[in-house]
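# Working through the structure, step by step
For reference, the chains in residue letters:
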Amino acid sequence: MARRTATRPPAITPLRLHDLEPAAAEDLDAHQLHEALSLHDVDLSGRDLEGATLTECELVGVAAASARLQHARILETRLERWDAPVLDASRSTWREVELLESRLGALDLYDAEIRSTRIVGSRIGWLNLRGSTLEDVVLEDCTLEELDLSGATASRVLLRDCRVDSLLLAGARLQDVDLRGLEVGGIANLEALAGATLDAEQVAALAPAFASHLGIRVEG
């Protein structure tokens, strides 16, 4: 059998939302199911939504300082123009989600399950994906100070027109992770790049780091 050489792209189902019911912030509660709701220009700051399920919803123009979404399930949902210094969504599940045009100081998604998800046009200080599972994920036109994939398992992930100051990969397991559209300041744990795709220009730029990692002395 011929060995596959092409990088497989993410397979993402387009998000289509219909017949949504207008709702307010106080309609959302922890550990409850919320279906087909539309929330615009709401303040969720400090709200405890742990274990909540949002399915076929849209939340647009959301202030979410210190909101808690641990163990939440976010399914077939659009999150647009979220603003928060810290958003804790650790151990949550994201499936068929769009996160658009948001500004987050820290998005804590460690030990999360993220599938068929797009993050577009967003600025995030620290995207913590330590120990998470990512499958069919696209980051597009995003700026991140730190992207932490330590211990994560990532398959069919694409970064397009993105800037990451620091990429952390300790113990990551990558397959079909396409970094050709990424401008990166520095990469820790270069050995974990196995399973990623780079272009020739990126490889040339990283050559000194690869040489140092392998103990190669370059002279002349």
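Residues numbered from 1 in each chain as written. Predicted model: local features only at pLDDT ≥ 70, side-chain atom pairs only at ≥ 80, totals over all residues. Heavy atoms only, no water.

### A few points about the overall build of the protein
- Check the secondary structure of the protein and you find one helix and 18 strands.
- Taken against the 2.2 N^0.38 rule, which gives 17 Å for 220 residues, the C-alpha radius of gyration of the protein at 18 Å falls within 12% of a compact globule.
- Here the C-alpha coordinates of the protein stretch approximately 65 × 40 × 25 Å along the principal axes.
- Per-residue burial for the protein yields a buried fraction of 47% across its 220 residues.
- Across the protein, contacts joining residues at least 24 apart in sequence account for 9% of those joining residues at least 6 apart.
- A total of about 10,800 Å² of accessible surface is found on the protein, and carbon and sulfur atoms cover 47% of it.
- Separation between the mean location of the 22 positive side-chain charges and that of the 38 negative ones in the protein comes to 7 Å. (Helix = DSSP H or I, 4+ residues; strand = E, 2+ residues; numbered from the N terminus. Rg over C-alpha atoms; globule rule 2.2 N^0.38 Å. Buried < 20%, exposed > 50% of the residue type's maximum accessible area, 1.4 Å probe, protein only. Contact = heavy atoms within 4.5 Å. Areas by Shrake-Rupley, 256 points an atom, 1.4 Å probe, with all protein chains shown as cover. Lys, Arg positive; Asp, Glu negative; His and termini not counted. Charge placed at Lys NZ, Arg CZ, Asp CG, Glu CD.)

### Some words on unusual backbone geometry
- The backbone phi angle of Glu 56 is positive, close to 55°, even though this residue is not glycine.
- Along the chain, Glu 56 falls in the loop between strand E4 (53-55) and strand E5 (58-63).
- Positive phi is not limited to glycine here, since Glu 101 has a value of about 45°.
- As for its position among the elements, Glu 101 is in the loop between strand E8 (93-100) and strand E9 (103-108).

### Overview of the pairing of strand E13 (residues 143-148)
- Bridging between strand E11 (residues 123-128) and E13 involves five bridges; their strand directions are parallel. Counterpart to Asn 128 in the pairing with E13 is Asp 148.
- Pairing between E13 and strand E15 (residues 162-168): five bridges, direction parallel. Within E15, the position partnered with Leu 144 by the bridge is Val 164. (Pairing = 2+ DSSP bridges.)

### Focus on a negative patch on the surface
- A cluster of acidic residues, Glu 21, Glu 26, Asp 27 and Asp 29, forms a negative patch at the surface.
- In this structure, Glu 21 sits in strand E1 (residues 21-22). (Patch = residues over 30% accessible without salt bridge, like charges linked within 9 Å, V, L, I, M, F, W, Y side chains within 5 Å. Salt bridge = Lys/Arg side-chain N within 4 Å of Asp/Glu carboxyl O.)

### Brief notes about the environment of Leu 198
- With respect to the helices, strands and loops of the structure, Leu 198 is situated in the loop between strand E18 (196-197) and helix H1 (200-213).
- For the pair Leu 198 and Arg 180, spaced 18 residues apart in sequence, the C-alpha separation works out to 4.9 Å.

### What to know about the nonpolar core
- Counting residues in each nonpolar core, the largest one holds 60 residues, and the members touching the most others are Leu 59 and Trp 82.
- Ignoring anything within four residues of it in the chain, the contact list for Trp 82 reads Leu 44, Leu 59, Val 62, Ala 64, Leu 69, Leu 87, Glu 101, Ser 102, Arg 103 and Leu 104. (Core = buried A, V, L, I, M, F, W, Y, C linked by side-chain atoms within 4.5 Å.)

### A look at the side chain of Thr 77
- One can find Thr 77 in strand E7 (residues 73-88).
- Residue Thr 77 is classed as buried on the basis of its relative accessible area of 0%.
- Within the structure, Thr 77 has its side chain in polar contact with the backbone oxygen of Leu 54 (distance 3.4 Å).
- From its side chain, Thr 77 meets the backbone oxygen of Leu 75 in a polar contact 2.8 Å long.
- Contacts of Thr 77, omitting those with residues within four sequence positions, involve Leu 15, Leu 54, Thr 55, Glu 56, Cys 57, Leu 59, Glu 96, Val 97 and Glu 98. (Polar contact = N/O pair within 3.5 Å; in protein donor to acceptor, adjacent residues only side chain to side chain.)

### Brief notes about the pairing of strand E16 (residues 173-178)
- As paired elements, strand E14 (residues 153-160) and E16 share five bridges and run parallel to each other. Within E16, the position partnered with Thr 153 by the bridge is Arg 173.

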